[in-house]
Amino acid sequence: MSMLGKVQNFTEAETDLISQLRELLPQAIEDAGKLSSEPVDPAIWGVPLLSVDKERDLRVDVILHKFLKARNGDIAQAQQMLTNTLKWRAEFKISGILDEEFPEDVFGKVGYVHGTDGEGRPVTYNFYGSLDNKQVFGDLERFLRWRVQLHERGMQGLDFVDVADMIQVHDYDGVSVFGYDKVARAASKATVQVMSDNYPETLATKIFANVPGWGETVFNVICRWLSEDTKRKFVVVSKASAPRVLAERIGETNLPEKFRSAAAEQPRDAAATEPQPLAAEPAPPTTAHADHNEGAPRPTSRGSQQSGSGASDIDSQDVDEASPPPPPPVATAAPELEPQPEALVSETAGLRLDDSATVDTQEHGDKHGSQI
């Protein structure tokens, strides 16, 4: 048997669950075919689910583990999630989405995939400052197809041998506290749902960069809704410390020009402190499952910027990470900052949430992992 990849090591219990879900793959694919109005491809993210070779394809194990983790090890629910994902991919016509073209003048400034971090994970950048919400989000169907394309570009960077998840950077430079309007909310909600349902456990870390002062308060409020696992994947940094933190976590030479220049200009002894984890406040009681994902994409050549137009790259979602996310959730300038479930989910697309924070989702539709 070939040597195991970095992400192909599982515990005995995990291996047992994966093996049981493997046995159900033919049925999951058959069910998807019956439910779908379009032909179903028995593959996902470039990996055939039914191997014709005698040797077990361990990439399939890695993918199945994501669905199991998103459903807290419940085999029946993981099978149903996979069936639904295969159906959605067929009807959304994922097979041709990487070839679709979108206006660069609209989406080039919204997000792209650029290079990898030090561990080879593709990095997706999302920008929320100075956007024309009507232009970007007004045509919801167009936006969703662009957003899914971006995530699929990121997924191309995962080999499911040594790399199985992505990094997301959310840049809040220039974001207004009043910028989260009705159009942006609708796009955010739709994106979160798509990433949550179809890109489980695809984000490793979500970095919120250039967060304004009021944003730190918002994130501290949000914290009480998050699981410990999610909080460990969040990195929230101010404008002062963002260049240094991004350079340290991703690698200065791997950053897009905007961040690379800022990192080079920032003194190494900058007063900026190390990013702190979100303050731990007690989360509301949780129910049986606790997952949430986004996701969201990879470049044709490492180090080359790839926009959401036709260029080849996320990873996300959920997905995809991550959503068109608006400025931090409760960014509607109220004296008392209370977490808004819908907005909260949009900020954590691709990462797992406590069940009590979920809203407006179909049964089990809010259970996903990361993501990321």
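All residue numbers here refer to positions counted from 1 along the written sequence of the relevant chain. Reporting of local features is limited, given that this is a predicted model, to residues whose pLDDT is at least 70; pairs of side-chain atoms are given and counted only at 80 or more, and all residues count toward the totals for whole chains, interfaces and linings. Working from all heavy atoms in the structure, the side-chain values ignore hydrogens and water.

Before going further, it helps to examine the overall build of the protein chain. Every helix listed is a DSSP run of H or I at least four residues long, and every strand listed is a run of E at least two residues long, numbered separately from the N terminus. Across its full length, the protein chain carries 13 helices and eight strands. The classification of residues rests on relative accessible area computed with a 1.4 Å probe and restricted to protein chains. Under 20% of the type maximum is buried, over 50% is exposed, and intermediate values are partly exposed. Buried residues in the protein chain amount to 57% of all 372 residues. Accessible area of the protein chain: about 15,200 Å², with a carbon and sulfur share of 51%. Values of accessible area rely on a 1.4 Å probe in the Shrake-Rupley scheme; residue burial ignores everything except the protein chains shown.

Scored by pLDDT, the protein chain has a mean of 76; 69% of the residues are at 70 or more. Each residue carries a pLDDT score, the predictor's confidence in it, ranging from 0 to 100. Between two residues, a contact is recorded if the distance between any of their heavy atoms is within 4.5 Å. Ignoring residues within four places in sequence, the model shows residues 269-372, a span with pLDDT below 50, making 487 contacts including any to other chains.

Every axis corresponds to a line fitted to the C-alpha atoms, with the helix fit spanning only the stretch in contact, and the corresponding angles, defined between N-to-C directions, vary from 0 to 180 degrees. The interhelical angle for the contact between helix α3 (residues 58-70) and helix α4 (residues 75-91), taken along N-to-C directions, is 115°, at an axis separation of 8 Å. Once α3 is placed against α4, the crossing between them reads as right-handed. Along its contact with α3, which presents Leu64, Phe67, Leu68 and Ala70, the element α4 presents Ile75, Ala78, Met81, Leu82 and Thr85. Residues of the contact of α3 with α4, tallied by class, amount to eight nonpolar, one polar and no charged. In a left-handed crossing the near helix is turned counterclockwise from the far helix by less than a right angle, and in a right-handed crossing that turn is clockwise. Each residue receives one of three labels: charged for Asp, Glu, Lys and Arg, nonpolar for Ala, Val, Leu, Ile, Met, Phe, Trp, Tyr, Cys and Pro, and polar for the others, Gly being one of them.

In this section: the pairing of strand β4 (residues 122-127). For β4, the tally of buried residues reaches six of six residues, placing the bulk of the element in the interior. Here the rule is simple: two strands pair whenever DSSP picks up at least two bridges between them. Where strand β3 (residues 111-116) meets β4, four bridges bridge the pair, whose relative direction is antiparallel. Each bridged residue has a counterpart across the sheet, and for threonine 116 the counterpart in β4 is proline 122. The turn joining β3 and β4, which pair antiparallel and follow one another in sequence, is formed by five residues; a positive phi near 85° is taken by glycine 120. Of the strand pairs in this sheet, β4 and strand β5 (residues 166-171) are connected by five bridges, and their pairing is parallel. When the bridges of β5 are listed, tyrosine 125 appears paired with valine 169.

Okay, the nonpolar core next. As a rule of thumb, soluble globular proteins bury nonpolar side chains together. Put simply, a nonpolar core is a bunch of buried Ala, Val, Leu, Ile, Met, Phe, Trp, Tyr and Cys residues held in one set by side-chain atoms that sit within 4.5 Å of each other. Counting 37 residues, the largest nonpolar core has Trp45, Leu49, Phe67, Leu82, Val148, Phe160 and Tyr199 as its most contacted members. Among the secondary structure elements, those contributing two or more residues to this core are α1 (12-23), α2 (25-35), α3, α4, α7 (140-155) and α8 (182-198). Counting residues per element, this core draws most heavily on α3, at seven residues. In this structure leucine 82 touches Leu25, Ala28, Leu49, Leu64 and Phe67, once residues within four positions along its chain are discounted. Judged by nonpolar contacts, the second largest core, of 18 residues, contains Val123, Val169, Ala242 and Ile250.

Right, let's get into the side chain of histidine 65. Topologically, histidine 65 is positioned in helix α3. Among the polar contacts made by the side chain of histidine 65, one reaches the side chain of glutamate 14 at a distance of 3.3 Å. For histidine 65, the residues in contact, after removing those within four places along its chain, are Phe10, Glu14 and Ile18. Any pair of nitrogen or oxygen atoms within 3.5 Å is treated as a polar contact; in protein, a donor-acceptor pairing is required on top of that, and neighbouring residues in sequence qualify only through side-chain atoms on both sides.

Another aspect to go through is helix α11 (residues 242-250). Most of α11 sits inside the fold, with seven of its nine residues counted as buried. Taken residue by residue, α11 has Ala242, Pro243, Arg244, Val245, Leu246, Ala247 and Ile250 as its buried positions.

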